[in-house]
Amino acid sequence: MAIRAFVFDLDGVITDTAEYHYRAWKRLADDERIPFTREDNDALRGVSRQESLSRLLKGRSISESLAQEWLARKNAHYLEYINQLSPQDRLPGVTAFLNATRGAGLKLGIASASKNARLVLDRLGLTGRFDVIGNGHSVANPKPAPDLFLWVAEALQVPASESLVFEDAEAGIDAAKCAGCLTVGIGKAKVNHADIYLPNGLENANPAAILSQLEADRSTRG
């Protein structure tokens, strides 16, 4: 079965705003006198803003109104940081890889848990490169539920089984697999259970080579 679309997570795959997320959560945590380390931040990769707050609280209970105020404050901090982004903040290899993917006639989609995904893409100068942009507003159930990948596949008019997802978070790989997509794990996180693993990201990656590897793996299994 031929792959007809490449679907990308945003943070950690197209650009790296993880440091900005960390700084924003850290400011909130410090203001509220909640211990928060970089290791704590690693546990927030690939999950929704609401779930991130729940993990930051570590079992502490707060009212829904206070939770919403804290989330708004964290987002305001984050927006301060991402307004500094520019096309120079694309990760190495991203521009060439997107060009090659488009040249191969494949559709391109974004599936990001972030509600700020479109703003980030605007700052990177990449919004027009993608046929569909799925973000934190697109579905009710965020990753690790499969809903976002199913939404993007439907919007692309491509079956999920003919979509190849590029993810840097364990929750994202799990969600994509649950949706029926094939997967490429990016970076050093726990993503080596993906169908293909690229520890160095898209730098020096080649769409044709990736598709050939998938086909070879399928032939071996078949």
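Up top is the structure these notes are about.
Cut-offs used in this document
Residues numbered from 1 in each chain as written. Predicted model: local features only at pLDDT ≥ 70, side-chain atom pairs only at ≥ 80, totals over all residues. Heavy atoms only, no water. Helix = DSSP H or I, 4+ residues; strand = E, 2+ residues; numbered from the N terminus. Buried < 20%, exposed > 50% of the residue type's maximum accessible area, 1.4 Å probe, protein only. Contact = heavy atoms within 4.5 Å. Pairing = 2+ DSSP bridges. Axes fitted to C-alpha atoms, helices over the stretch in contact; angles between N-to-C directions. Salt bridge = Lys/Arg side-chain N within 4 Å of Asp/Glu carboxyl O. Parallel < 35°, antiparallel > 145°, perpendicular 65-115°, else oblique. Left-handed = near helix turned anticlockwise from the far one by under 90°. Nonpolar A, V, L, I, M, F, W, Y, C, P; charged D, E, K, R; others polar. 1 Å grid on protein atoms, 1.4 Å probe; cavity = no way out; pocket = protein on both sides within 12 Å on 5 of 7 lines; lining within 4 Å. Points joined across faces, edges and corners; volume = space filled by probe spheres on them. Core = buried A, V, L, I, M, F, W, Y, C linked by side-chain atoms within 4.5 Å.

Enquirer: Mind showing me how you'd approach the side chain of H77 here?
Expert: Here H77 shows up in helix 4 (residues 64-82). Relative accessible area serves as the criterion here: at 8%, H77 is assigned to the buried category. Setting aside residues no more than four positions away along its own chain, H77 makes contact with A24, R27, L28 and D31.

Enquirer: I keep staring at the environment of I173 and nothing clicks. Help me out?
Expert: Following the sequence through the fold, I173 ends up in helix 8 (residues 170-179). By relative accessible area, I173 is classed as buried at 0%. Linking I173 and T183, residues 10 residues apart in sequence, is a C-alpha distance of 6.6 Å. Discounting chain neighbours no more than four positions away, the residues touching I173 are E167, T183, V184, G185, V191, H193 and A194.

Enquirer: Whenever I open this one, the sheet that holds strand 3 (residues 132-134) confuses me. Can you help?
Expert: Either a parallel or an antiparallel arrangement is found when strands of a sheet pair, and the pairing is made through backbone hydrogen bonds. An order of 3-2-1-4-5-6 is seen for the six strands of this open sheet, with the pairing classed as parallel. Every other strand in the sheet has two partners, leaving strand 3 and strand 6 (196-198) as the edge strands with one partner each. Strand after strand, the sheet turns through a mean of 20° between neighbouring axes, direction not considered. For strand 4 (residues 163-167) and strand 5 (residues 182-186), the ladder comprises four bridges, and the chain directions are parallel. Bridge pairing links E167 to G185 in strand 5.

Enquirer: For this particular structure, what's the right way to read helix 8?
Expert: The α-helix advances 3.6 residues per turn, and as a result positions three or four apart in sequence lie on the same side. The set of residues buried in helix 8 consists of A171, G172, I173, A175, A176 and A179. Against the buried residues of helix 8 lie helix 7 (147-156), strand 4 and strand 5. Looking one or two residues past helix 8, G180 carries a phi angle of roughly 95°, positive in sign.

Enquirer: Can you help me understand the pattern of salt bridges in this one?
Expert: Enumeration according to the criterion identifies 14 salt bridges in this entry. When the shortest N-O distance is used, the salt bridge between R27 and E80 registers 3.3 Å. You can see R27 sitting in helix 1 (residues 18-31) and its partner E80 sitting in helix 4, a full 53 residues away along the chain. E80 gets classed as partly exposed once you look at its relative accessible area, which sits at 44%. When salt bridges that share partners are traced, they join D31, E32, E69 and R73 into one network.

Enquirer: Which parts of the structure should I look at to understand the packing of helix 4 against helix 6 (residues 117-124)?
Expert: For any two helices packed against each other, the geometry comes down to the angle between their axes and how far apart the axes lie. Between helix 4 and helix 6, the least distance of the axes is 11 Å, while the angle of their chain directions is 10°. One way to sum up the angle between helix 4 and helix 6 is to call them roughly parallel. For the crossing formed where helix 4 meets helix 6, the hand is right-handed. From helix 4, Y78, L79 and I82 reach across to helix 6, where they touch L119, V120 and R123. Residue classes in the contact of helix 4 with helix 6 are distributed as five nonpolar, no polar and one charged.

Enquirer: Help me understand empty space enclosed by the protein, please; the structure alone is not making it clear to me.
Expert: Sizing a probe to match a water molecule and rolling it over the atoms shows the empty space that remains. Applying the stated rule across the entire model yields one cavity of 30 Å³ or more. Looking at the largest cavity, the residues that line it are L10, D11, T15, T17, H21, Y78, S114 and V120. Grouping the constituent residues of the lining of the largest cavity by class yields three nonpolar, four polar and one charged.

Enquirer: I keep staring at the nonpolar core and nothing clicks. Help me out?
Expert: In a soluble, globular protein the nonpolar side chains are often hidden away together inside. Counting 35 residues, the largest nonpolar core has F8, I14, F130, L164, F166 and L202 as its most contacted members. Top element by residues in this core is helix 6. It accounts for four residues. Among residues more than four places away in sequence, those in contact with F166 are F6, V7, F8, D9, V13, F97, V184, I186, L202 and I210. Judged by nonpolar contacts, the second largest core, of 17 residues, contains V139, A176, A179 and C181.

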